[in-house]
Amino acid sequence: MKTYLVTGAAGFIGANFIKYMLAKHDDIKIVVLDALTYAGNLATIANDIDNERCYFVKGNICDRNLIDQLLANYRFDYIVNFAAESHVDRSIEVPQLFLQTNILGTQNLLDAARGAWVNGKDENGYPTWRKGVRFHQVSTDEVYGSLGAEGFFTEETPLNPHSPYSASKTSADMIVMAYHDTYKMPVTITRCSNNYGPYQFPEKLIPLIIKNILEGKRLPVYGNGTNVRDWLYVDDHCKAIDMVLHQAEDGAIYNIGGHNEMQNIDIVKLTIATIRRIMTENPSYRQYLKKKELNEAGEIDIEWMNDSLISFVKDRLGHDMRYAIDPSKISRELGWLPETKFEDGIVKTIQWYLDNQEWVKNVTSGNYQNYYDNMYKNR
Ligand code: NAD
Ligand code: TYD
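Description of the structure in this document. Keep in mind the model is a prediction, meaning the values are calculated, not measured.

Quick look at the overall build of the protein now. Looking only at helices and strands, one finds 13 helices and 14 strands in the protein. Taken over C-alpha atoms, the radius of gyration comes to 21 Å for the protein, in line with the 21 Å a tight globule of 379 residues would show. Projected onto its principal axes, the C-alpha positions of the protein cover 85 × 45 × 40 Å. By residue count, 56% of the 379 residues in the protein fall in the buried class. Across the protein, the fraction of contacts at a sequence separation of at least 24, relative to all contacts at a separation of at least 6, is 80%. Entry remark: accessible area of the protein is about 16,200 Å², with carbon and sulfur atoms responsible for 48%. Each charge class in the protein was averaged separately, 40 positive and 49 negative side chains, and the resulting centres sit 3 Å apart.

Along the chain, Arg322 falls in the loop between strand E14 (310–313) and helix H10 (328–334). At a separation of 3.1 Å, a polar atom in the side chain of Arg322 contacts the main-chain carbonyl oxygen of Glu150. If we skip the residues at most four places from it in the chain, Arg322 touches Ser146, Leu147, Gly148, Ala149, Glu150, Gly151, Phe152, Phe153, Val228, Arg229 and Glu261.

Picture the strands of a sheet paired through backbone hydrogen bonds; they go either parallel or antiparallel. Read from one edge of the open sheet, three strands run E9-E11-E13, paired in mixed fashion. Since the sheet does not close on itself, it has two edges, and those belong to strand E9 (194–196) and strand E13 (261–263), each with one partner. Within this sheet the neighbouring strands show an average axis-to-axis angle of 50 degrees, counted without direction. Pairing between E9 and strand E11 (residues 228–233): three bridges, direction parallel.

Next up on the list: the site of ligand 1. Taken together, 28 residues sit near ligand 1, with Ile13, Asp34, Ser86, Tyr165 and Lys169 positioned nearest. Take Asn60: an N or O atom from its side chain is 2.9 Å from a nitrogen atom of ligand 1. Taken together, the elements giving at least two residues each to the shell around ligand 1 come down to helix H1 (12–24), strand E7 (134–140), helix H6 (164–183) and E9. A total of three residues in the shell around ligand 1 trace back to one element, the largest contributor, which is E7.

Next up on the list: the packing of aromatic side chains. The final tally for this structure, using the stated rule, is 22 aromatic pairs. For the ring pair Tyr353 and Trp359, a centre distance of 6.3 Å and an interplane angle of 75 degrees mean the geometry is edge-to-face. The same class applies to Tyr353 as to Trp359, namely buried. Following the ring pairs from residue to residue traces out a cluster consisting of Tyr38, Phe201, Tyr222, Tyr368, Tyr371, Tyr372 and Tyr376. Just above the ring of Tyr371 sits the side chain of Arg90; from NZ or CZ to the centre is 3.9 Å.

The next thing to look at is the site of ligand 2. Around ligand 2 there are 18 residues in total, and Glu142, Arg229, Arg316, His319 and Tyr376 lie nearest to it. At a separation of 2.7 Å, an oxygen atom of ligand 2 approaches a polar side-chain atom of Arg229. Between an oxygen atom of ligand 2 and a side-chain N or O atom of Asn264, the distance comes to 2.8 Å. For ligand 2, whose accessible area on its own is 510 Å², the fraction buried by protein is 97%.

On the secondary structure map, Pro207 appears in helix H7 (residues 205–214). Each residue touching Pro207, except ones within four places of it in the same chain, is listed here: Gln200, Phe201, Pro202 and Tyr353.

Now for the side chain of Asp173. Summarising the element assignment, Asp173 is placed in helix H6. With sequence-adjacent residues up to four places away left out, Asp173 is seen in contact with Gln137, Ser139, Val143, Ile189 and Arg191.

A few words now on the nonpolar core. Ranked by internal contacts, the top residues of the largest apolar core, which has 71 residues, are Phe17 and Ile30. Here the element with the most residues in this core is H1; it accounts for eight residues. Residue contacts for Phe17: discarding those within four places in its chain leaves Val6, Val80, Phe82, Cys238, Ile241, Asp242 and Leu245. Of all hydrophobic cores here, the second largest spans 28 residues; its members include Leu33, Leu66, Val187 and Ile189.

Rules behind the numbers
Residues numbered from 1 in each chain as written. Chains lettered and ligands numbered in written order. Predicted model: local features only at pLDDT ≥ 70, side-chain atom pairs only at ≥ 80, totals over all residues. Heavy atoms only, no water. Helix = DSSP H or I, 4+ residues; strand = E, 2+ residues; numbered from the N terminus. Rg over C-alpha atoms; globule rule 2.2 N^0.38 Å. Buried < 20%, exposed > 50% of the residue type's maximum accessible area, 1.4 Å probe, protein only. Contact = heavy atoms within 4.5 Å. Areas by Shrake-Rupley, 256 points an atom, 1.4 Å probe, with all protein chains shown as cover. Lys, Arg positive; Asp, Glu negative; His and termini not counted. Charge placed at Lys NZ, Arg CZ, Asp CG, Glu CD. Polar contact = N/O pair within 3.5 Å; in protein donor to acceptor, adjacent residues only side chain to side chain. Pairing = 2+ DSSP bridges. Axes fitted to C-alpha atoms, helices over the stretch in contact; angles between N-to-C directions. Near = heavy atom within 4 Å. Phe/Tyr/Trp six-rings, centres within 6.5 Å; stacked < 30°, edge-to-face > 60°. Lys NZ or Arg CZ within 6 Å of the ring centre and 35° of its normal. Core = buried A, V, L, I, M, F, W, Y, C linked by side-chain atoms within 4.5 Å.

Have a look at this one:
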């Protein structure tokens, strides 16, 4: 029986990760630690927390006493750190919060783990570590900066972040490696491209566009919409982390991506077309539309649902042009391959949002409207 501390698992990827792990492994125990910020939602994992295989603790990764207590109460074999402030646009508004959570929070976890996991010293004065323990840092391709029209990020690409978010994630990666190099701490890092799938907070491109379409609102596309992101279905990311945790060497860094580059404008157009197709094939989904004008056939009209909803708005400051991952190291060394094709994953994701409007309502019931108005008012 292995015991995991998974931070940030009330958020998008962490929640998908614990669902994936609990379904895949019988012999594991997971303790979720999450501060439940605007991005964390307990309802997302309520069915997973059974207080037998999965426990929930509300708390901040910056809280040293709490982390020490958890490490004393549970004999963790793995710490998987998803907890972060994760939205680039917010990092432009409040950079310091990103530094606090993403850098200092990570260092706090590392240091508490060092306190709990070190069991002696070797002849050169390096700490020795309890057998089988590992700290895994969930990082991002954004640490590499931005690409031009050609080329891919490999693990050898120099770190060159631009946004406060990516700079904070880069700093976290460097402090993780510093613990490895200085204390020989058993760590691994994965740097993944943009994820999509169920439970993503509707501040990120795909769920925000879905939400706006259903509300008949304009679809804000930054700049001219030609920025490129490399999209990966969230389960494929979870699978990669599971493999790295169990198969990788200490100190290893892996890029994760599925060679699925898309321009933002194409993602938005595809989302419009997919929702329209689903609502044409199954008109009962039209009940989720805010606008309920009837057409001549007496059905809720969807003629307005087309590319004219797109609105090109002021660009994001320092907007990275293109991200693209070369995943050959993880494929070659660990045998990882993405399983979900984008054409299937995007339909599954849109269908999930249509079927889970209550979840969307729930997570956007707080400050979301204020956030949206502030973020988009001058665009
Ligand atoms: P998210 O914003 O959906 O979730 C973050 C979670 O962390 C939330 O549940 C939040 O409550 C929690 N949290 C925030 N601050 C905390 C703190 N101080 N203490 C404890 N919990 C805290 O983020 P996500 O999209 O699920 O991303 C998870 C991780 O994956 C992040 O580290 C992010 O940098 C990384 N990542 C994300 C993507 C992506 O496309 N979303 C891609 C690559 C890497
Ligand atoms: P996002 O989902 O915020 O992820 P990231 O910035 O981490 O890549 O944004 C994805 C892309 O979509 C990015 O190039 C910015 C763009 N974008 C828009 O054009 N409009 C929007 O309203 C948002 C949120 C993002």
